[in-house]
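Chain residues, written in single-letter form:
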Number of protein chains: 2
Amino acid sequence: MNEFELIHRLTRNLPTNAAVVTGPGDDCAVLDCGAPDRWLLFKTDAVVQDIHFTRDTPPEKVGRKALARCLSDVAAMAGVPTAAVVTLGLPRAFQLRPVEQIYAGMNRLARAHTVAIVGGETTTHPDRVLISVALVGWVEKNRVVRRSGARVGDALFVTGTLGGSLAGKHLDFEPRLAEARWLAEHFAVHAMIDLSDGLAGDLRHLLRASGVGAELLKTAIPISRAARERHRAGSGAEASGDSSPRPVGGKSPWLAALTDGEDFELLFTVPSKAAVPLLDAWRQQFPKLRLSCIGKITAGNTVIVRDKHGSQSLPEGGYAHFA
Amino acid sequence: MNEFELIHRLTRNLPTNAAVVTGPGDDCAVLDCGAPDRWLLFKTDAVVQDIHFTRDTPPEKVGRKALARCLSDVAAMAGVPTAAVVTLGLPRAFQLRPVEQIYAGMNRLARAHTVAIVGGETTTHPDRVLISVALVGWVEKNRVVRRSGARVGDALFVTGTLGGSLAGKHLDFEPRLAEARWLAEHFAVHAMIDLSDGLAGDLRHLLRASGVGAELLKTAIPISRAARERHRAGSGAEASGDSSPRPVGGKSPWLAALTDGEDFELLFTVPSKAAVPLLDAWRQQFPKLRLSCIGKITAGNTVIVRDKHGSQSLPEGGYAHFA
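Rules used throughout
Residues numbered from 1 in each chain as written. Chains lettered and ligands numbered in written order. Predicted model: local features only at pLDDT ≥ 70, side-chain atom pairs only at ≥ 80, totals over all residues. Helix = DSSP H or I, 4+ residues; strand = E, 2+ residues; numbered from the N terminus. Rg over C-alpha atoms; globule rule 2.2 N^0.38 Å. Buried ≥ 20, exposed ≤ 12 C-beta atoms within 10 Å, placed from the backbone. Contact = placed C-beta atoms within 7 Å. Least-squares fit on C-alpha atoms with pLDDT ≥ 70 in both. Domains from an automatic or database assignment. Nonpolar A, V, L, I, M, F, W, Y, C, P; charged D, E, K, R; others polar. Arc of directions from axis to C-beta. Pairing = 2+ DSSP bridges. Axes fitted to C-alpha atoms, helices over the stretch in contact; angles between N-to-C directions. Parallel < 35°, antiparallel > 145°, perpendicular 65-115°, else oblique. Left-handed = near helix turned anticlockwise from the far one by under 90°. pLDDT = per-residue confidence, 0-100.

**Quick word on the overall build of chain A**
Summing up its helical and strand segments, chain A has 9 helices and 13 strands in all. Taken over C-alpha atoms, the radius of gyration comes to 19 Å for chain A, in line with the 20 Å a tight globule of 323 residues would show. C-alpha extents for chain A along the principal axes are approximately 60 × 55 × 45 Å. Within chain A, the fraction of its 323 residues that count as buried is 54%. Residue pairs at least 24 apart in sequence account for 84% of intrachain contacts in chain A once pairs closer than 6 positions are excluded.

Dropping the structure here:
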């Protein structure tokens, strides 16, 4: 049983109440907190040493990543993050200095996004560091974007470039908060998700939530320089000072873009007639960040990849923590 | 450096923003979420195997405890819990059945208090189970109770009986949510805290936050049956099927009541003139739950314990996870 199957099984019958607008299964839960025009967003996420970072990862970057992952989830709902609480699991013989550095990295990112850190806890955690962050934020009731709103004919977009995140981006990525706010303010974004498991896996999450399929244009998928360089470096990457906790292997750059994960870019859909105006307006607004139209939403539930040789069905993919 | 010193050091310079009404240092953070008449409450708490429960603790009780601790913190602010997210750290060779039992225990308690579970995550956690729960709730703006409001002359009250919680209560305690709501609705509760570290430690937290001292009447402190029985059983307790992860030793029942911790009762202050009316009304409202007036708030910053032999200053106490 992988992580997704376990979560599905555990979340089948969870307690709910009248405050729940959107329960488990989206990037954040959406709650009614009594505000007339806003929903509350609520999310938790954990990073664990030797899974999400290594013993050699600079502690500032570990703290930064722990918070950044949650911020990326708030971005995926087109929301604004407000405040976080932090649980820090530390080996008994912890050193004060790295703990302060973890907080320094987290605090710096929090300040950059005007996020408060309002509480937390330290507990002993044998052998390795664990950081669990829970975050609340808000979004206008008429502007929240879920995974489930994609419609047949929508154009499918992705920000940035994909693949090879473990070469460094997984520690340094910028949560796309400003971009998501701008998108939801200016365009009818039907569905959105942040890419944590990889395009192949997260696209399926969005499609399943929306009850639709997709057709991807292979040459339109934006492959990162890191994914291309890793491929050129081949299997020698593991031996050359690579601090990645996960094997990379000899994936093609294209497969890396689809399955490496931890891109933390936004995948979203808009009505097809908005595609060209969006690309034009985006270039004005975010000239340094690539935006790619990678395909369209189709009826059915399959993902078809088209290139000059024809079409093929995309195999199941995505990184599962328990796989 | 113990847990409290570490937290103090880490929380000296945390990022904040305009939404923060009360930051770290109380039972919950208090946030402005845009609702006209309510504040948002936000709290996180973790339980770890071999610290907060053992390998032999029934999984249902582990899940129950993880949530109950957060509910107790919301009670201490006189709030109403709304929704929780859960991070479950599991050894790689986890069994599905105990995981489902952990959730079953948590879900049952959540339903009893109309709390939704709206998300979560599973991650691998070598060697032992960890559960981190983050909770949001709300409280009327004019009814929130903090640790910091105690005034000289206030009467000091505690619910239930104290000590010996590890004999079983630490897994079965009832978060005092209904009691706290009733208190804040009917009486001018000046300050409140839930007893997790033990009366001696948590009283000091309340006093320090309020800038006051206290005088305790030794014979008024309600000692639990478990604390008395443990003392009678003496040091043989550890060998007699005791599943406690912490040593108990030969403490007097009185010292056990002050320092065992994990009582999860409410400690609070009201104006002295309200003391007798409160005791009368409480007996009508909660006939099965003891309420004890254990002393009064004084100027200064010391805790004096009075009995028929005279007065003495209470030594520093309380359970610190890193001590």
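Text resumes after the structure shown.
**Focus: the relation of the copies chain A and chain B**
Under the fitted operation, chain A is carried onto chain B by 0.0 Å of movement along the axis and a turn of 180°, and the coordinates agree to an RMSD of 0.0 Å. Such a turn and shift between the copies fits a two-fold axis. Looking at the rotation axis and the C-alpha trace of chain A, the residue lying nearest is A:Ala35, at 1.9 Å. Comparing contact sets, 100% of the residues at the interface of chain A also lie at the interface in chain B, consistent with an isologous, same-surface contact.

**Focus: the domain arrangement of chain A**
Residue and element names in this part refer to chain A. Per the domain assignment, the segments making up chain A are domain 1 (3-140) and domain 2 (147-313). Centre-to-centre, using C-alpha coordinates, domain 1 lies 23 Å away from domain 2. Facing the 20 residues of domain 1 at the interface are 20 residues of domain 2. A per-class count over the side of domain 1 that touches domain 2 returns 7 nonpolar, 5 polar and 8 charged.

**Quick look at helix H5 (residues 177-186) of chain A**
Residues and elements named next belong to chain A. Of all the positions in H5, only Leu177, Glu179, Ala180, Leu183 and Ala184 are classed as buried. The buried residues of H5 occupy one face: seen down the axis, they fall within an arc of 165°. On its buried side, H5 packs onto helix H2 (59-76), strand S7 (155-159), strand S8 (191-194) and strand S10 (266-270).

**Some points on the interface of chain A and chain B**
Each side of the interface is counted separately: chain A has 59 residues, and chain B has 59 residues. Those elements that provide at least two residues to the side of chain A that touches chain B are helix H1 (3-10), strand S2 (29-31), strand S3 (38-48), strand S4 (80-90), helix H3 (96-112), strand S5 (116-124) and strand S6 (130-140) of chain A. Broken down by element, the side of chain A that touches chain B gets its largest block of residues, 9 residues, from S5(A). Split by residue class, the side of chain A that touches chain B holds 33 nonpolar, 18 polar and 8 charged.

**Re the sheet that holds strand S9 (residues 213-217) of chain A**
Residues and elements named next belong to chain A. Taken together, the 7 strands give an open sheet; going across it, the order is S8-S10-S7-S11-S9-S12-S13, and neighbouring strands pair in mixed fashion. The two strands at the open ends of the sheet, each matched to only one other strand, are S8 and strand S13 (310-313). Strand-to-strand twist in this sheet, taken as the mean axis angle between neighbours without regard to direction, amounts to 25°.

**Concerning the sheet that holds S4(A)**
Residue and element names in this part refer to chain A. The strand order across the open sheet formed by 6 strands is S1-S2-S3-S6-S4-S5, and the pairing between neighbours is mixed. Taken across any chain shown, the strands that pair with only one partner, and hence form the sheet edges, are strand S1 (20-22) and S5. Shown here is a sheet whose adjacent strand axes are inclined to one another by a mean of 25°, direction ignored. In the packing of H2 onto the sheet, contacts are made with S3, S4 and S6, and the angle to S3 comes to roughly 145°. Of the strands in this sheet, S4, S5 and S6 are in contact with H3, which crosses S4 at around 170°.

**Focus: the packing of helix H2 (residues 59-76) of chain B against helix H3 (residues 96-112) of chain B**
Two measures define how a pair of helices packs: the angle their axes make with one another and the distance between the axes. All names here are of chain B. Between H2 and H3, the shortest axis-to-axis distance is 6 Å and the interhelical angle comes to 45°. On the basis of the axis angle, H2 is oblique to H3. Seen along the crossing, H2 lies across H3 with a hand that is right-handed. The segment H2 lies against H3, with Pro59, Glu60, Lys61, Val62, Gly63, Arg64, Ala66, Leu67 and Ala68 engaging Pro98, Gln101, Ile102, Tyr103, Ala104, Gly105, Met106, Leu109 and Ala110. Broken down by class, the residue content of the contact of H2 with H3 amounts to 12 nonpolar, 3 polar and 3 charged.

**Description of unusual backbone geometry**
Most peptide bonds adopt trans geometry, and most residues besides glycine take a negative phi value. All names here are of chain A. Its identity as a non-glycine residue notwithstanding, Asp50 has a phi of 75°, on the positive side. Within the secondary structure, Asp50 sits in the loop between S3 and H2. A residue is classified by how many C-beta atoms lie within 10 Å of it, and Asp50, with 14 of them, is partly exposed. The backbone of Ala78 shows a phi angle near 65°, a positive value even though the residue is not glycine. With respect to the secondary-structure elements, Ala78 resides in the loop between H2 and S4.

**With respect to the confidence of the model for chain A**
All names here are of chain A. Per-residue pLDDT for chain A averages 90, and the proportion of residues at 70 or more is 92%. Every residue in residues 236-248 is under pLDDT 50, and counting partners more than four places away or in other chains gives 15 contacts. Contacts for the low-pLDDT stretch residues 318-323, under 50 throughout, to residues beyond four places or in other chains number 23 contacts. For this predicted complex, the interface confidence reaches an ipTM of 0.91, while the overall pTM sits at 0.92.

**So, the pairing of strand S12 (residues 303-307) of chain A**
All names here are of chain A. Strand direction decides the pairing type here: S9 and S12, joined by 4 bridges, are parallel. Counted as the bridge partner of Leu216 is Val305 from S12. Where S12 lies against S13, 4 bridges are found, and the strand directions are antiparallel. In the sheet register, Val305 faces S13, and the bridge partner there is Gln312. Taken together, S12 and the strand that follows it, S13, pair antiparallel across an intervening segment of 2 residues.

**Some words on the pairing of strand S11 (residues 291-298) of chain A**
Residue and element names in this part refer to chain A. Where S7 meets S11, 5 bridges bridge the pair, whose relative direction is antiparallel. Among the inter-strand pairings, Val158 is bridged to a residue of S11, identified as Ser292. Across 4 bridges, S9 lies against S11 in antiparallel orientation. Residue pairing in the sheet places Ala214 in a bridge with Ile297 of S11.

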